Amino acid sequence: MDSHPPPQPFLTSPYVRSLIAGGIAGTAVDLSLYPLDTLKTRLQSSGGFFANGGWSGVYKGVGSVIAGSAPGAALFFVTYEATKSALARSRQSHGKDTVGMVAAGDHMLAATLGEIAACTVRVPTEVVKQRAQASQFSSSWMALSNIFTSNRGLGRVWMELYRGWGITIMREIPFTVIQFPLWEAMKRWRSVRKGRNINAVESALFGSLSGCVAAVATTPLDVLKTRLMLAKKKEPVLSILRNIVKEEGTRGLFKGIGPRVIWISAGGAIFLGAWDFAKGALENL
């Protein structure tokens with residue numbers, strides 16, 4: 001007789017496993033690499049690195065990340081896995097191929113929808129976090145309190161919390177369209193070559209490589225997002241872009257690229273490696 005207890009019912013759902021694994025992965029990467037994110041924000045901020053805090057207080061704003069990281073990452077992976085599975089089932093039911101360019105297209109669409117879902121949590125978290133990181137406020141709580149006290153009416157508060165929604169989506173979609181199909185393709189290539197499923201270490205390495213490529217390509221959009229979120233008043237993105245190019249040249253659009261690439265390369269390894277590890281561990285319970 002099998003002495004092992006039956007699996008917990010709530011863990012049999014792939015969506016619940018995605019929710020839990022995504023939350024673990026997001027929290028792991030954001031907390032472990034938070035100082036690099038702070039340095040990147042300060043380098044990109046108007047006024048320069050030292051005017052926005054320099055090397056001190058690199059964990060300012062971490063409270064907002066603790067609150068928002070897990071639900072944001074969980075929303076991404078639940079949407080990503082659900083979309084990918086739905087597309088695969090649809091293609092298989094019609095006898096269509098689910099590999100190669102078709103699979104890459106599915107991964108792009110799934111990642112795009114996942115990012116849009118995640119940004120419902122990520123954007124307010126970023127607004128609060130970056131204002132603390134740039135030393136505009138002493139903590140996440142002070143930054144959040146200021147949004148509520150300096151804006152009258154729920155509509156104004158809502159607009160301030162979601163300032164930069166558009167440019168964040170504009171950054172995240174090309175980022176994930178590059179990163180996730182590349183990550184999935186490298187995993188598939190390795191699996192076919194070795195004749196086995198890849199392990200968490202291999203997944204982490206491919207996550208790092210794909211994240212590095214995506215980070216370089218989307219740094220200008222990240223600079224625009226940072227400037228928009230930190231501006232004293234809301235400004236059009238094109239106005240911010242013109243001011244950066246006029247005052248700092250095109251090099252200004254790549255400020256913070258070093259910490260960003262290191263952060264996302266290491267973060268991609270931790271994030272996607274932790275995701276695969278946590279998902280596999282949950283499936284084996």
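Each residue is numbered by its place in its chain's sequence as written, counting from 1. Only residues with pLDDT of 70 or above have their local features reported here, since the model is predicted, and side-chain atom pairs are shown and tallied only from 80 upward, although totals for entire chains, interfaces and linings are computed over all residues. Water and hydrogen atoms play no part in the side-chain values, which are based on all heavy atoms of the structure.

To be explicit about the condition: UniProt positions are given in the numbering used here, feature names are shortened, and annotations may be inferred rather than shown by experiment.
As annotated in an unreviewed UniProt entry, the chain carries the name Mitochondrial carrier and is attributed to Choiromyces venosus 120613-1. The record held by UniProt for the chain lists under Sequence similarities (unreviewed entry) the comment "Belongs to the mitochondrial carrier (TC 2.A.29) family." Under Subcellular location (unreviewed entry), UniProt gives the following word-for-word description of the chain: "Mitochondrion inner membrane".

## Brief notes about the overall build of the chain
What counts, and what does not: Segments assigned H or I by DSSP are reported as helices when at least four residues long, segments assigned E as strands when at least two residues long, and all are numbered from the N terminus. Three exposure classes are used, based on accessible area relative to the maximum for each residue type with a 1.4 Å probe and protein chains only: buried under 20%, partly exposed in between, and exposed over 50%. Between two residues, a contact is recorded if the distance between any of their heavy atoms is within 4.5 Å. Surface accessibility in these figures is a Shrake-Rupley result with a 1.4 Å probe; residues are shielded only by whichever protein chains are displayed.
The secondary structure content of the chain amounts to 10 helices and 0 strands. Counting across all 285 residues of the chain, residues that qualify as buried make up 47%. A separation threshold of at least 6 residues defines the contact pool for the chain, and within that pool the share at least 24 residues apart is 76%. Total accessible area on the chain is roughly 14000 Å²; 66% of this is exposed by carbon and sulfur atoms.

## Topic: the environment of S150
Short version of the rule: Polar contacts, as counted here, are pairs of nitrogen or oxygen atoms within 3.5 Å of one another; within protein the pair requires one atom able to donate a hydrogen and one able to accept it, and residues that are adjacent in sequence qualify only if both atoms are side-chain atoms.
The topology assignment puts S150 in the loop between α5 (140-149) and α6 (154-161). Assessed through its relative accessible area of 46%, S150 is described here as partly exposed. It is 9.9 Å that separates the C-alpha atoms of S150 and E160, two residues lying 10 residues apart in sequence. Polar contacts involving the side chain of S150 include one to the main-chain carbonyl oxygen of N146, which spans 2.5 Å. Of note is the side chain of S150, whose polar atom sits 3.4 Å from the side chain of N151.

## Some words on the pattern of salt bridges
Side-chain pairs of opposite charge can arise where the charged atoms are in close proximity. Stated precisely, the cut-off is as follows: The term salt bridge refers to a pairing of a side-chain nitrogen on Lys or Arg with a carboxyl oxygen on Asp or Glu at a separation within 4 Å.
Evaluated as defined, the whole model comprises 19 salt bridges. Two residues, R171 and D222, come together in a salt bridge whose shortest N-O distance is 2.4 Å. Residue R171 is found in helix α7 (residues 165-194), and its partner D222 is found in helix α8 (residues 200-230); the two are separated by 51 residues along the sequence.

## Section: the side chain of Q44
Among the structural elements, Q44 can be located in helix α2 (residues 34-44). Residue classification places Q44 among the buried positions, given a relative accessible area of 0%. A polar contact of 2.9 Å, which involves the side chain of Q44, links it to the side chain of D222. If sequence neighbours within four positions are ignored, Q44 has contacts with D222, V223, T226, R227, K255 and G256.

## Remarks on a nonpolar patch on the surface
To be explicit about the condition: What makes a patch is a set of residues exposed beyond 30% relative accessible area and free of salt bridges, joined within 9 Å when like-charged and within 5 Å when nonpolar (Val, Leu, Ile, Met, Phe, Trp, Tyr).
The grouping of L109, L113 and I116 at the surface amounts to a nonpolar patch, some 220 Å² of accessible area in total. Tracing the chain through its elements places L109 in helix α4 (residues 100-133).

## So, the nonpolar core
Just so we agree on the cut-off: Definition of nonpolar core: a set of buried residues of the types Ala, Val, Leu, Ile, Met, Phe, Trp, Tyr and Cys, connected through side-chain atoms within 4.5 Å.
One finds F76, F77, Y80, F180 and F271 to be the most contacted residues of the largest nonpolar core, which totals 23 residues. Every element with two or more residues in this core is listed here: α1 (14-32), α3 (62-93), α4, α7, α8 and α10 (257-283). For this core, the leading source of residues is α10, giving 5 residues. When residues no more than four places from it in sequence are discounted, the contact partners of Y80 are H107, A110, A111, G114, F180 and E184. V123, A143, I147 and V157 belong to the second-largest nonpolar core, a separate cluster that totals 11 residues.

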